Amino acid sequence: MKRIQDSQRNISIEIEKLSNRPFYSMRYYGDDCFGEYLLRGAHSLEDYCSFIDTTLIRNRENQIHHNNFGCGAFVAQNANKDILFARNMDCECAIPMLLHLNEDSSYRFLSLVNMAFLDWDEGTYDSLEIDSKLTLATAYSPCDGINEYGFAVATLTDAAATYPEQNDKITLFDMTLPRLLLSKARSVEEAIYYTEKYNFFYDVAPLHYMVADASGQAAVIEFVDGKMVVTKREKKYLVVTNFTLYGNPTKTGFGKDRYENIQNTLERQGGVISEEDALELLKRNVIPGDEQWSAVYNLTKKTLSVTFSGDYENVHRFRINDF
């Protein structure tokens, strides 16, 4: 286990290597200044990086990276009526980190972060004592996760999205919205409320977000013509890939094949699927060569089952109460 400490900000981080894939686990203690970020916001990646550098890193040699990614996600339920939230993370490069945040102003949550976005490479863990890179900013950009109330969120690319630009709202980097929602939202309705409060900017491509809660409510939050729009679950399941759902009855766009494959399976099964079969369904609908992780969150039991880098034989299982 490696430890990083910032006594000035009373931050303590414990990182453990869990697999040679590699896959890591992080426990983050202390104030990472996210509350200050929400008050100030950022209007560009340069502005965001400047905030991170000033408040946390103080090392301008490291860079935040962001590449395009194509993913798929769905919400369904198992035979016991547990709510399942499943997602593939498909992108060119990923170094997965399971993050558990312990911060007084935030709900407890488990999330998966791509550390390649934070300048990590496969040798970073072994040299953390020399260069921690952007590790202190890990909690800013979960790709997906679940909080202690059984609320979950996942990011997915939507190249057609157009973010709002309203002068009376603070602007945030779109990759930081999941952190906000995991910290403050207990339900889909609260997630919609918090999202509507902000403008957003993107780096490589804009995003849309799947959200769900332990009551079974689920929605996809999107941005069309500069306005936030919401597609709520109408059946026992909801599916999203990488095209805009709202106002798109033919479901046309990148990821249509993956969308239809997942939808057809869930439709045949009445929206009921086991966690094991949900992982198998994700496996059958990755983007070949880009598969990084497949995760199934049980929102009822507040657990996570996840596989990494196409290693579908080894399923890692976690419970939020274990941290």
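Whatever comes next refers back to the structure up there.
In this report, we go over the structure that sits alongside the text. What you see is a predicted model; the values in this text were computed from it and never measured.

### Let's talk about the packing of helix 3 (residues 177–184) against helix 4 (residues 188–196)
Next, step 1: Between helix 3 and helix 4, the shortest axis-to-axis distance is 10 Å and the interhelical angle comes to 135 degrees. Classified by the angle between their axes, helix 3 and helix 4 sit oblique to one another. Seen along the crossing, helix 3 lies across helix 4 with a hand that is right-handed. Of the residues in helix 4, those in contact with Leu177, Leu180, Leu181 and Lys184 of helix 3 are Glu190, Ala191, Tyr194 and Thr195.

### Here's the deal with the sheet that holds strand 1 (residues 2–6)
Next, step 1: Spatially, 10 strands are ordered 1-2-3-6-7-8-9-12-13-14 in an open sheet, and the strand pairing comes out mixed. The sheet is open, and its two borders are formed by strand 1 and strand 14 (227–232), each paired with just one other strand. Across the sheet, the axes of successive neighbouring strands diverge by a mean angle of 20 degrees, strand direction being ignored.

### So, helix 3
Next, step 1: Counting buried positions along helix 3 gives 7 out of 8 residues, so the element sits mostly inside the fold.
Next, step 2: Listed in full, the buried residues belonging to helix 3 are Leu177, Pro178, Arg179, Leu180, Leu181, Leu182 and Ser183.

### With respect to the side chain of Asp6
Next, step 1: Mapped onto the fold, Asp6 is located in strand 1.
Next, step 2: The class for Asp6 is buried, based on a relative accessible area of 8%.
Next, step 3: Among the polar contacts listed, one links the side chain of Asp6 to the backbone nitrogen of Gln8, at a separation of 3.1 Å.
Next, step 4: Ignoring sequence-local partners within four residues, the contact set of Asp6 consists of Ile11, Leu56, Arg58 and Leu136.

### Remarks on the packing of aromatic side chains
Each aromatic ring pair is specified by the distance between its two centres and by the angle formed by the two planes.
Next, step 1: All chains considered together, the criterion is met by 20 aromatic pairs.
Next, step 2: For the pair Tyr24 and Trp120, a centre-to-centre distance of 5.4 Å together with 75 degrees between the ring planes defines the contact as edge-to-face. On the criterion of sequence distance, the pair formed by Tyr24 in strand 3 (residues 23–29) and Trp120 in the loop between strand 7 (109–114) and strand 8 (144–147) is long-range, its members being 96 residues apart.
Next, step 3: Classification of Trp120 as buried rests on a relative accessible area of 5%.
Next, step 4: Aromatic pair Tyr163 and Tyr202: ring centres 6.0 Å apart, planes at 75 degrees, arrangement edge-to-face. With Tyr163 in the loop between strand 9 (152–157) and strand 10 (171–173) and Tyr202 in the loop between strand 11 (199–201) and strand 12 (207–212), this pair connects stretches of sequence that are 39 residues apart.
Next, step 5: The exposure class assigned to Tyr163 is buried, which follows from its relative accessible area of 9%.
Next, step 6: Exposure remark for Tyr202: the relative accessible area of 41% places this residue in the partly exposed category.
Next, step 7: An aromatic cluster of at least three residues, connected via ring pairs, comprises Phe34, Tyr37, Tyr48, Phe51, Tyr140, Phe173 and Phe201.

### Points about the sheet that holds strand 16 (residues 291–298)
Next, step 1: With respect to topology, 6 strands assemble into an open sheet ordered 15-4-5-16-17-18, the strand pairing being antiparallel. Both edges of this open sheet fall to strand 15 (238–240) and strand 18 (311–319), since each of them pairs with a single strand only. Neighbour-to-neighbour, the strand axes of this sheet turn through a mean angle of 15 degrees, independent of strand direction.
Next, step 2: Relative to strand 15, helix 5 (residues 256–268) is tilted by about 165 degrees, and along the sheet it contacts strand 4 (72–77) and strand 15.
Next, step 3: Together, strand 4, strand 5 (83–90), strand 16, strand 17 (303–308) and strand 18 form the strand contacts of helix 6 (residues 275–283), whose direction differs from that of strand 16 by roughly 155 degrees.

### Overview of the pattern of salt bridges
Oppositely charged side chains may form a pair once their charged atoms are brought near each other.
Next, step 1: With the rule as written, the count across this model stands at 13 salt bridges.
Next, step 2: Note that Glu189 and Lys232 form a salt bridge whose closest N and O atoms lie 2.6 Å from each other. A residue pair is termed long-range when its members are at least 10 positions apart, and Glu189 in helix 4 and Lys232 in strand 14 qualify at 43 residues.
Next, step 3: Looking at Glu189, the relative accessible area reads 46%, which means it is partly exposed.
Next, step 4: One network of salt bridges, with partners in common, ties together Asp32, Glu103 and Arg179.

Definitions and cut-offs
Residues numbered from 1 in each chain as written. Predicted model: local features only at pLDDT ≥ 70, side-chain atom pairs only at ≥ 80, totals over all residues. Heavy atoms only, no water. Axes fitted to C-alpha atoms, helices over the stretch in contact; angles between N-to-C directions. Helix = DSSP H or I, 4+ residues; strand = E, 2+ residues; numbered from the N terminus. Parallel < 35°, antiparallel > 145°, perpendicular 65-115°, else oblique. Left-handed = near helix turned anticlockwise from the far one by under 90°. Contact = heavy atoms within 4.5 Å. Pairing = 2+ DSSP bridges. Buried < 20%, exposed > 50% of the residue type's maximum accessible area, 1.4 Å probe, protein only. Polar contact = N/O pair within 3.5 Å; in protein donor to acceptor, adjacent residues only side chain to side chain. Phe/Tyr/Trp six-rings, centres within 6.5 Å; stacked < 30°, edge-to-face > 60°. Salt bridge = Lys/Arg side-chain N within 4 Å of Asp/Glu carboxyl O.

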